[in-house]
Amino acid sequence: MDVVVVESPAKAKTINKYLGKDYKVLASFGHVRDLPPKDGSVLPDDDFAMSWKVDTASAKRVKDIADAVKSADGLILATDPDREGEAISWHVLDLLQKKKVLKDKPVKRVVFNAITKKAVLDAMAHPRDIDEALVNAYLARRALDYLVGFNLSPVLWRKLPGARSAGRVQSVALRIVCDRETEIERFIPEEYWNIVADLKTERGDAFEARLVKADGKRVQKNSIKDGDHAGRIKELLEGATYSVASVEAKPVRRNPGPPFTTSTLQQAASSRLGFSASRTMQVAQRLYEGVDIGGETAGLITYMRTDGVSMAPEAVTAARDAIGDQFGQRYLPESARHYSVKAKNAQEAHEAIRPTDFTRTPQSVKKYLDSDQFRLYDLVWKRGIASQMASAEMERTTAEITAAKGGDSAGLRAVGTVVKFDGFLKAYADNREEKQPSDEDDDDGRLPEINQGESAAKEKIRATQHFTEPPPRYSEASLIKKLEELGIGRPSTYASTLATLRDREYITIENRKLTPEAKGRLVTAFLENFFNRYVEYDFTADLEEKLDKISDGSLEWKQVLRDFWKDFFAQVEDTKELRVTNVLDALNEALAPLVFPKREDGSDPRTCQVCGTGKLSLKLGKYGAFVGCSNYPECNYTRQLGADAEAENGINPNEPNQLGEDPETGEPITLRTGRFGPYVQRGDGKEAKRCSLPKGWKPEDIDLEKALQLLSLPREVGPHPEDGKMITAGLGRYGPFVLHDGTYANVESIDDVFSVGVNRAVSIIADKRANGGRRRSAPAALKSLGDHPDGGEVTVNDGRYGPYVKWGKINATIPKGKDPQSVTMEEAIPLLTARMEKTGAKKPAKKKAPAKKPAAKKTTTKTAAAKKTTTKKTASAKKKAEAESDNS
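Just so you know, these numbers come straight off a predicted model, no measurement behind them.

Chemist: Quick one: what's the story with the overall build of the protein chain, residue by residue and with numbers?
Modeler: A tally of helices and strands in the protein chain yields 24 helices and 32 strands. Scored against the burial criterion, the 888 residues of the protein chain give a buried share of 46%. Taking contacts inside the protein chain between residues at least 6 apart in sequence as the whole, the part at least 24 apart equals 66%. Summed over all atoms, the accessible surface of the protein chain reaches about 46,500 Å², with 48% contributed by carbon and sulfur.

Structure below.
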């Protein structure tokens, strides 16, 4: 028997059916280890040595695999056919080697692009070794992401309180979104006029023609700048006679696009189905891993993380057979179509995303799929089969019209397109944003019969005023397309990149449009001013190209890291020395349209509108940046960054808006604004209760009823049916949530906080725990150093920002490079003392000695023996509980 390791339990279940009893298929549940999120996991000074950590859940899975391998004949690593899949196989193999369970047993690596019986059995018949070049590319990417994140993010935290973190690819994606927002803000609309003539042929058939020539010059879209110019041309056309100068009809062919890649699937699913990138990948994953089709479990699509646009020869043959059967021979071109990759830095040449079996039409499997699965499979099937269909044939007719009045003349043009043969459009009508660059912008509609030399009658001349519009905000689809064009990131990471930007509250996604939050623009401005090279498009794309060369073995991965680290580390060290005033001056300049928007009265937007003499500027607080007055504390005017400087979101910053009184307490309920935005408040003074407005709630829509709802939070939902502990619902830093026994689980909207019932809350919390959500608990101490000379235990702990020593409520960071396990009490005391002096913290209070208990009476031998046995049992139970606690 051989042990086969795959990534997911769903895939394991399907493949186990294909392979039979001679194989045992186990799932790794993705990556089995990762770099711990703390300083020292990657050591540049030790030639980029990397320290990996296996979490508790993964340790159990690795143990299960190791136990199975002990009694197996061999090991087959069958994780996904990409860089991440190769890395998972490498991690599993390394861990098993360290456990010394492999001995001389054969180890094979197999890859398959589709989860079908034929694909899996073919892969098993053609094993290979682990691809070291792919593993090295993974190691280089992981190290780079770690080095950027864990060296750049602390600089952000110190210089820009409230900023979450910065990542290598996420920062560049954020810059693209912020740059577009800046374009929109600085855009100045320009007036232009369009002129169209409604005409009729000699046979009375109506058509329209657009002005293309006037005053002896060609008319472009924005050529006619004002109404006077448009009026003169319209006057000419009103009194002109019209004749057809020429008519040209020429055939036009439109070719189908290639099958989907990861990015084009995400774009099409966004524009056609309204799916986010992450939702697209989740649904595609289920289609790939396998669906029960009438008792047979099979993957419906090939692997969905790919840059490739070609299909395997047997798939092309199957597609052509299906075209002949389902559409007819007229739709089948003489020879198969072949596609090449056009995206910059495309790599990992797997197949495109296609159906595993073209005879499985969307309608034939619809009853086995949920709505999302069906819609996405329908898209993949149609695009895949269309890629091998005949071209669409059209006829494009262009009629040139001359308008003459006295010695003046103008030219007009009428264009129409007629589809003569629909070809691939029969299966897949491409949207405009999905057309290939070579596609022409065909005018829809058919022209009536127009003959050269005949006259045309004027019906009406229309001159319409327009204004140029700013470029649109990016959608998820258009941002993914832009990233791909620039060669930034990889298709498999685009969904997680967007999710990270949204989760860190750097962008919002509303109506499928990406808008940068003030926090995101602040981070981008900081990086552009002080780390410009590392958010440049060309630099990031060049680095991606180097990483791809590592994948094919033409570059040494550690040399790439050395070259990067040398300059990056120097930049980080220089930025650490920056004064906050330097940072604020640069941000005030870079973010002027956001921080100091123009005022309607034309006054200086940097002058405080409350005191009239102070100058407004960015200020940094504990929870982020805000706008404040230079005359503080005499003038306490503040404004949330990005808030309307004139209207303050409809609230006067110094005059609370009275909403009414609390019917129970009689206290005033007010709507106010502060440095962190609008909020409602009950009562006055330090004891007043406050609650920020949730996302989507506008200040102008807040009335007494809504304010009382917010101020009533947290709300008791009801006792949990298992332990009786109360479930509550509330609004927190990360949005609306339900809470039970230390486990927080987000709900979809603030409305759910007020309406969620016990049953649904229990289900949401159970899902969160099943997906890795944990009860909050204090981090366990790494070791105890004993009692401090002044009383109280001193421990060594590991925290978010690295190891530290703890005495009561005093925490002191252990110096970088010091092994926390080697710290002694003599070394800890000076660290704690220095920390107390810096923060002004007081020594932990000494614990009172317990009162002396009266002497116990003598017990009989039998009683003493019973107590001894009980003590042993208690100690044993305590040890068992501690062991279980450690394992959890």
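Chemist: Any chance you could break down a negative patch on the surface for me, citing the residues and the numbers?
Modeler: On the surface, E700, D701, D703 and E705 cluster together into a patch of negative charge. The topology assignment puts D703 in the loop between β24 (689-692) and α20 (704-711). In this structure D703 comes out as partly exposed when scored by relative accessible area, which is 36%.

Chemist: An account of the nonpolar core is requested, with residue identities and associated values reported.
Modeler: Counting residues in each nonpolar core, the largest one holds 165 residues, and the members touching the most others are F526 and F531. If one sorts the elements of this core by residue count, helix α5 (residues 132-159) sits on top with 13 residues. Look past the residues within four positions of F531 in its chain and what remains in contact with it is L152, V155, F526, F568, Q571, V572 and T575. Counting residues in hydrophobic clusters, the runner-up holds 27 residues, among them W193, F207, A410 and A414.

Chemist: Would you mind going over the confidence of the model for the protein chain in detail, with residue names and values included?
Modeler: Within the protein chain, residue pLDDT values average 84, and 88% of them lie at 70 or more. Looking across the protein chain, the model is least confident in helix α24 (residues 861-887), with a mean pLDDT of 41, and most confident in strand β5 (residues 74-77), with 96. A low-confidence stretch, residues 435-442 stays under pLDDT 50, and its non-local contacts, those more than four residues away or across chains, total 19 contacts. Residue range residues 774-778 is modelled with pLDDT below 50. Its contacts to residues more than four positions away, or to other chains, number eight contacts.

Chemist: Requested: an account of the sheet that holds β5, with residues and values cited.
Modeler: Reading across the sheet, the four strands line up as β2-β1-β5-β6 and stay open at both edges, with parallel pairing between neighbours. One side of each edge strand has no neighbouring strand; the edge strands of this open sheet are β2 (23-27) and β6 (107-109). For this sheet the average axis-to-axis angle between neighbouring strands, irrespective of direction, equals 20°. Strand direction decides the pairing type here: β5 and β6, joined by three bridges, are parallel.

Chemist: Give me the packing of aromatic side chains: which residues, what numbers.
Modeler: For the structure shown, the criterion picks out 19 aromatic pairs. An aromatic cluster is present here, built from F526, F530, F531, Y534, F539, F564, W565, F568 and F569 joined pairwise through their rings. A cation over an aromatic ring shows up here: R61 above the ring of F29, its NZ or CZ 3.9 Å from the ring centre. The lysine or arginine in question, R330, covers the ring of F421, its NZ or CZ lying 3.7 Å from the ring centre.

Chemist: For the side chain of R180, give the residues involved together with the corresponding values.
Modeler: Tracing the chain through its elements places R180 in helix α6 (residues 168-186). The exposure class of R180 is buried, given its relative accessible area of 16%. Apart from the residues lying within four places of it in its own chain, the contact partners of R180 are P471, P472, R473 and Y474.

Chemist: Tell me about the pattern of salt bridges, and name the residues and values.
Modeler: Across all of its chains, the model carries 47 salt bridges by this definition. A salt bridge links K98 to D94; the nearest nitrogen and oxygen atoms lie 3.4 Å apart. In this pair, K98 and D94 both sit in helix α3 (residues 83-99), four residues apart, roughly one turn of the helix. On the basis of relative accessible area, K98 is assigned to the exposed category, the value being 58%. Taken together, the salt bridges that share partners define one network made up of R141, D145, R168, E544 and D548.

Chemist: For the sheet that holds strand β28 (residues 743-746), give the residues involved together with the corresponding values.
Modeler: Here four strands make up an open sheet; going across it, the order is β25-β26-β27-β28 and the pairing antiparallel. Both outer strands of the open sheet, β25 (715-719) and β28, are each paired with one neighbouring strand and no more. Within the sheet, the average angular offset between the axes of one strand and its neighbour, ignoring direction, is 25°. Alignment of strand β27 (residues 735-740) against β28, held across four bridges, turns out to be antiparallel. For H740, the partnering residue across the bridge sits in β28 and is T743. Along the sheet face, helix α22 (residues 758-770) touches β25, β26 (726-732), β27 and β28 and points at about 105° away from the line of β28.

Chemist: Describe in detail unusual backbone geometry, supporting the description with residues and values.
Modeler: Looking along the chain, the bond that leaves Y632 and enters P633 is cis, with omega of 10°. Here P633 is to be found in the loop between β19 (624-629) and β20 (638-640). Cis geometry marks the peptide bond from L713 to P714, where omega comes out at 0°. Of note in the backbone geometry, D47 takes a positive phi value of approximately 55° without being a glycine. Locating D47 in the fold gives a position in the loop between β3 (42-43) and β4 (49-50). Positive phi values are uncommon outside glycine, yet D741 reaches one of about 50°. Residue position: D741 is located in the loop between β27 and β28. By relative accessible area, D741 is classed as partly exposed at 29%.

Chemist: Break down helix α15 (residues 518-530) for me, citing the residues and quoting the values.
Modeler: Helix length check: α15, at 13 residues, gives a terminal C-alpha distance of 18 Å against a target of 18 Å (1.5 Å per residue), a fit within 8%. In terms of residue burial, α15 counts as a mostly covered element, since 10 of its 13 residues are buried.

Chemist: Can you lay out the packing of α3 against α5 for me, pointing to particular residues and giving the numbers?
Modeler: One can describe the packing of α3 onto α5 by two numbers: an axis separation of 8 Å at closest approach and a directional angle of 95°. Between α3 and α5, the interaxial angle falls into the category roughly perpendicular. In this structure, α3 uses R83, E84, E86, A87, W90 and H91 to contact α5, whose residues at the interface are L134, V135, A137, Y138, L139 and R141.

Chemist: Provide a residue-level description of the pairing of β27, including the pertinent values.
Modeler: Most of β27 sits inside the fold, with six of its six residues counted as buried. Judged from the five bridges that link them, β26 and β27 form a sheet pairing that is antiparallel. Within β27, the residue paired with T728 across the bridge is L739. Here β26 hands over to β27 after two residues, the two strands then running antiparallel side by side. Connecting β27 to the next strand, β28, in antiparallel fashion are two residues, including D741 with a positive phi near 50°.

Chemist: Mind laying out the environment of G149, listing which residues take part and the relevant values?
Modeler: Mapped onto the fold, G149 is located in helix α5. Taking the C-alpha atoms as reference points, G149 and G167, separated by 18 residues in sequence, lie 5.2 Å from one another.

Chemist: Now, about the environment of D585: what can you tell me, with residues and values included?
Modeler: In this fold, D585 is placed in helix α18 (residues 580-590). In this structure D585 comes out as exposed when scored by relative accessible area, which is 52%. For the pair D585 and L618, spaced 33 residues apart in sequence, the C-alpha separation works out to 8.4 Å.

Chemist: Outline the side chain of R337, supporting the account with residue identities and numerical values.
Modeler: In this structure, R337 sits in the loop between α10 (313-326) and α11 (362-365). Of the buried charged residues, R337 lacks a salt bridge, with E393 as the closest side chain of opposite charge at 8.7 Å. Of the polar contacts made by the side chain of R337, one reaches the backbone oxygen of M389; its length is 2.9 Å. Beyond its immediate sequence surroundings of up to four residues, R337 is in contact with N255, P256, S387, Q388, M389, A390 and S391.

Chemist: So what's going on with the pairing of strand β7 (residues 191-200)? Residues and values would help.
Modeler: Most of β7 is tucked away: seven of the 10 residues are buried. Two elements, β7 and strand β15 (residues 455-467), share 10 bridges in a ladder whose sense is antiparallel. Counted as the bridge partner of D198 is K460 from β15. Summarising the sheet, β7 and strand β8 (residues 206-214) pair through five bridges and their orientation is antiparallel.

Rules of the game
Residues numbered from 1 in each chain as written. Predicted model: local features only at pLDDT ≥ 70, side-chain atom pairs only at ≥ 80, totals over all residues. Heavy atoms only, no water. Helix = DSSP H or I, 4+ residues; strand = E, 2+ residues; numbered from the N terminus. Buried < 20%, exposed > 50% of the residue type's maximum accessible area, 1.4 Å probe, protein only. Contact = heavy atoms within 4.5 Å. Areas by Shrake-Rupley, 256 points an atom, 1.4 Å probe, with all protein chains shown as cover. Patch = residues over 30% accessible without salt bridge, like charges linked within 9 Å, V, L, I, M, F, W, Y side chains within 5 Å. Salt bridge = Lys/Arg side-chain N within 4 Å of Asp/Glu carboxyl O. Lys, Arg positive; Asp, Glu negative; His and termini not counted. Charge placed at Lys NZ, Arg CZ, Asp CG, Glu CD. Core = buried A, V, L, I, M, F, W, Y, C linked by side-chain atoms within 4.5 Å. pLDDT = per-residue confidence, 0-100. Pairing = 2+ DSSP bridges. Axes fitted to C-alpha atoms, helices over the stretch in contact; angles between N-to-C directions. Phe/Tyr/Trp six-rings, centres within 6.5 Å; stacked < 30°, edge-to-face > 60°. Lys NZ or Arg CZ within 6 Å of the ring centre and 35° of its normal. Expected span 1.5 Å × (residues − 1). Parallel < 35°, antiparallel > 145°, perpendicular 65-115°, else oblique. Polar contact = N/O pair within 3.5 Å; in protein donor to acceptor, adjacent residues only side chain to side chain.

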